[in-house]
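What follows is the residue order along each chain.
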Amino acid sequence: MLVLFETAAGYAIFKVLDESKLQQVDSLYKEFETPEKANKIVKLKHFEKFQDTTEALAAATALVEGKIGKSLKKVLKKVVAKEAHEQLAISDAKLGGVIKDKLDLSCVHSPAVAELMRCIRGQMEGLITGLPPREISAMSLGLAHSLSRYKLKFSPDKVDTMIVQAISLLDDLDKELNNYIMRCREWYGWHFPELGKIITDNLAYCKTVRKIGDRTNVATSDLSDLLPEEIEAEVKLAAEISMGTEVSEQDIGNISHLCDQVIEISDYRAQLYDYLKNRMMAIAPNLTVMVGELVGARLISHAGSLLNLAKHPASTVQILGAEKALFRALKTRKDTPKYGLIYHASLVGQTTAKNKGKISRMLAAKAALAIRYDALGEDTNAEMGAENRAKLEARLRQLEEKGIRRISGTGKAMAKADKYQHKSEVKVYDPSGDSTIPSTSKKRKFEEVEQEEEEEAAEEPVTPVVKTKKAKKERVEEEEEAETSAVVEEPPKKKKKKKDKKPEPEPEEPMEEVEQVEATESTEKKKKKKKKKIKEEEED
């Protein structure tokens, strides 16, 4: 068995003298305690030294990427090909597959081989002759520096480091600006409290404070370049009747210095935002078109790099930034969040609360495609992002309008269907036509009226005066004559009178005759009862 061993100085090929020792992996290190023991197990067959650091860097880069470099290919053809029947022990399984495909050599990678490599590295100075230890350490240090510089310079996932730093600095500047402005308003508010309510813009407030200084200077100061005319007049009027306390010149000086700091930081923040916008359009143009510069930069910063973000699925991009809420929801078995950092995108912000979840899911899916296109694609245009954004905006309009659209079979042409309007023709059921019989019979109503009259008569006190009885008798007779005449001559009029007394539902035409008969019978009974009452009163 042959062993391929890589060093910073060159490639070494060792011949294993006793392969039976490799089976005892746990005790193999005992055989490499001294250089003499190590030479009994393995023997140096060939050593190919690198000419300079450039060749070493090229070889190391090829090994890292799992490729065969020129120098390695030369060594394998020169030494190993002569003993093709021998197996080649290597430390990288991926490299072994490439060697087997290119040079048709059988390669071995196992825990025993890994332990053997470790033991050889421990006794490298004694096994590789003609190489001083100081030279090996110098070459190792030089190769390490060169490889680090190469990775930093050419690694595609390190270009976006500037974006990560810029967005972090932008957030820090916003926090500091808020603290400074709050302190400035509170500090100057002791001297001129009315100014804070009149001027709401923070930058204009600081510029105004720096220009006027003491509030007594407002009348002589020209604020037309900072404020509109109406607000300037209001400030001058408020300065005359201000209720603030008096402050010294030293206090005004410190407040003015703080205002200078706020104005400088605001200017730098605007400059940093322009820089971030340009960098985002250069590195991730499609993502910038989809979600905007700030949201895209925050997604890249949260993932660590653009390449790491490209490895995330759309579902992860959707809730990126809401990990705390996600794990809390999973722990309490409640609904998981629908959006994270992507919530601040303009497309999600302009939709209604009902459709925010749908739009964030669709936006995350399209944004994931845009991220992969930016990270792994060769083009630097933003056509795909603009096209996907147009589709999302059309879908958003469709959700808002609740319109129905259908796509043709080719998927290129869109046909609009007429909007369906459901006209309900459901009529309210009228239960009055179920039966022709009235809800309460007239006969029963007449009986109730008679009972009421009897109760009223029973409640009235009995008087011994005869004249009142006769008058009562005459009145009853007149009423009876009027009723009988009304029944004989005009039955419909009587019916109307009854209606006036108590409103009833109108009966159907087939029942009119039956009701008239019932009415006459009830009137006759009523007459008889009244006559009996009168007789009883006379006898008493």
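Anyway, here's the lowdown on the structure attached to this text.

1. Considerations on the nonpolar core
Proteins that are soluble and globular tend to have nonpolar side chains buried together.
Moving on, step 1. Grouped together as the largest cluster of nonpolar side chains are 63 residues, with contacts concentrated most on Y188, F192, L195, V235, V291 and L363.
Moving on, step 2. Here this core takes 11 residues from helix α12 (residues 249-283), the largest share from any one element.
Moving on, step 3. The residues touching V291, leaving out its near neighbours within four places in the chain, are G296, I342, A345, L363 and A367.
Moving on, step 4. By size, the runner-up hydrophobic cluster in this structure holds 25 residues, among which are M1, L116, L127 and I136.

2. Things to note about the pattern of salt bridges
Moving on, step 1. The final tally for this structure, using the stated rule, is 12 salt bridges.
Moving on, step 2. E115 is paired through a salt bridge with R118; the nearest N and O atoms lie 2.7 Å apart. With E115 and R118 both in helix α5 (residues 111-122) and three residues apart, this pair spans about one turn of that helix.
Moving on, step 3. Judged by its relative accessible area of 48%, R118 falls in the partly exposed class.
Moving on, step 4. Between D171 and R298 there is a salt bridge; the shortest N-O distance is 2.6 Å. Here D171, found in helix α8 (residues 161-189), pairs with R298, found in helix α14 (residues 293-303); they are 127 residues apart in sequence, far enough to count as distant.

3. Points about the packing of aromatic side chains
How two aromatic rings sit relative to each other is set out by the distance from centre to centre and by the angle between their planes.
Moving on, step 1. Under the definition given, this model contains four aromatic pairs.
Moving on, step 2. Between F5 and F14 the ring centres are 6.3 Å apart and the planes differ by 70°, which places this aromatic pair in the edge-to-face class.
Moving on, step 3. A relative accessible area of 1% means that F5 is categorised as buried.
Moving on, step 4. What makes F14 buried here is its relative accessible area of 0%.
Moving on, step 5. When the ring of Y11 is compared with that of F50, the centres are 5.5 Å apart and the planes differ by 80°; the resulting orientation is edge-to-face. Taken together, the residues Y11 in strand β2 (residues 10-16) and F50 in the loop between β3 (42-49) and α2 (53-64) connect sequence positions 39 residues apart. The burial state of Y11 is the same as that of F50; both residues are buried.
Moving on, step 6. The positively charged end of R185 is found above the aromatic ring belonging to Y205, 4.4 Å away from the centroid.

Rules used in this analysis
- Residues numbered from 1 in each chain as written.
- Predicted model: local features only at pLDDT ≥ 70, side-chain atom pairs only at ≥ 80, totals over all residues.
- Heavy atoms only, no water.
- Core = buried A, V, L, I, M, F, W, Y, C linked by side-chain atoms within 4.5 Å.
- Buried < 20%, exposed > 50% of the residue type's maximum accessible area, 1.4 Å probe, protein only.
- Helix = DSSP H or I, 4+ residues; strand = E, 2+ residues; numbered from the N terminus.
- Contact = heavy atoms within 4.5 Å.
- Salt bridge = Lys/Arg side-chain N within 4 Å of Asp/Glu carboxyl O.
- Phe/Tyr/Trp six-rings, centres within 6.5 Å; stacked < 30°, edge-to-face > 60°.
- Lys NZ or Arg CZ within 6 Å of the ring centre and 35° of its normal.

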